[in-house]
Every structure is written in C-alpha cells, then in structure tokens.
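Structural characterization, general
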Amino acid sequence: DMADMINENVKKIQQDIQKDIKTVEEIREFSDKMASGDFSKSITQTPANPQIEELRETLNDFVKNIKKAFDAILEILDEYKKEDYSRRLKLEAKGE
C-alpha cells in the first residue's frame, strides 16, 4: 500500500545519504593524505549522488596524474644523480 511505498522510499533515501556520507569522509581522508604528500591512495567508496561521484572521479584522476608526474621527475633526478643528463622532462599541462 501507499504507506509501505513511502517507507521504502524513506529507507532508500537514508541508505543513499549514508553512502554519500561515507564517500565524503573518504574524500576528506584522501585530501589529508595528499596534503601530507601521500599520493598512493584513491577514493573507493561509491556515492549515490552523481555530483559527488564526479568529484570522486576527478580527484582520483588528479592524484593519478600528479603521481605519474612525480614518478617521472624522480626517475630523471635519479639519472642526473648518475651524471646522465640526456633525458628531459616533458609534461603535458593544460591552462596557464
């Protein structure tokens, strides 16, 4: 009946809110890790809210690209340490 349908909708909304809360908490922890220089993590929680999902994907892509750039820099510095100055760093950056 109508009351059951409303109760089911309320239950789904509560579950979706909990998923979003868990994802936002993981985003906060992820940001703290990045701020301290740890780029090894990613956000694995899946939110119900599509905007939070877009943020999650954007942050995961961001940290993946930053880690890739840092790894390339470290490789070149290691070669420079061995007095091999033949490699140059080529980063594809957009914007200014």
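For the structure itself, look to the data block above.
You can see Met5 is positioned in helix H1 (residues 2-35). Since its relative accessible area comes to 49%, Met5 is described here as partly exposed. Met5 sits 62 residues away from Lys67 along the chain, and the two C-alpha atoms are 47 Å apart.

Right, let's talk about the nonpolar core for a bit. Ile27, Phe30, Met34, Phe39, Ile43, Ile52, Leu59 and Val63 together form the largest nonpolar core, which totals 8 residues. Residue assignment for this core shows that the elements contributing at least two residues are H1 and helix H2 (50-81). Sequence-distant contacts of Val63, defined by excluding residues within four places in its chain, comprise Phe30, Met34, Phe39 and Lys41.

Here Glu53 is to be found in helix H2. Looking at Glu53, its side chain comes within polar contact range of the side chain of Arg56, at 2.8 Å. When near neighbours in sequence (up to four residues on either side) are disregarded, Glu53 contacts Thr46 and Pro47.

On to the packing of H1 against H2, then. For any two helices packed against each other, the geometry is given by the interaxial angle and the distance between the axes. Two elements in contact, H1 and H2, have axes whose closest approach is 11 Å; the angle formed by their N-to-C orientations is 20°. In this view, H1 runs roughly parallel relative to H2, as classed from their interaxial angle. For the element pair H1 and H2, the recorded crossing hand is left-handed. Contact with H1, carried on its side by Asp20, Thr23, Val24, Ile27, Phe30 and Met34, involves Ile52, Leu55, Arg56, Leu59, Asn60, Phe62 and Val63 of H2 and no other residues of that element. The class makeup of the residues in the contact of H1 with H2 is 9 nonpolar, 2 polar and 2 charged.

A few words now on unusual backbone geometry. Residue Glu83 is not a glycine yet carries a positive backbone phi of 65°. As for its placement among the helices and strands, Glu83 is situated in the segment after H2.

Below, the discussion takes up the packing of aromatic side chains. Tallying each qualifying case throughout the model produces 2 aromatic pairs. Seen in terms of ring centroids, Phe39 and Phe70 are 5.2 Å apart; in terms of plane orientation they differ by 70°. Their pairing is edge-to-face. Residue Phe39 is located in the loop between H1 and H2, and its partner Phe70 is located in helix H2; the two are separated by 31 residues in the primary sequence. On the numbers, 5.2 Å between centres and 55° between planes, the contact of Tyr80 with Tyr85 is tilted.

So, how was this worked out
Residues numbered from 1 in each chain as written. Predicted model: local features only at pLDDT ≥ 70, side-chain atom pairs only at ≥ 80, totals over all residues. Heavy atoms only, no water. Helix = DSSP H or I, 4+ residues; strand = E, 2+ residues; numbered from the N terminus. Buried < 20%, exposed > 50% of the residue type's maximum accessible area, 1.4 Å probe, protein only. Core = buried A, V, L, I, M, F, W, Y, C linked by side-chain atoms within 4.5 Å. Contact = heavy atoms within 4.5 Å. Polar contact = N/O pair within 3.5 Å; in protein donor to acceptor, adjacent residues only side chain to side chain. Axes fitted to C-alpha atoms, helices over the stretch in contact; angles between N-to-C directions. Parallel < 35°, antiparallel > 145°, perpendicular 65-115°, else oblique. Left-handed = near helix turned anticlockwise from the far one by under 90°. Nonpolar A, V, L, I, M, F, W, Y, C, P; charged D, E, K, R; others polar. Phe/Tyr/Trp six-rings, centres within 6.5 Å; stacked < 30°, edge-to-face > 60°.

These figures capture arrangement, not role.
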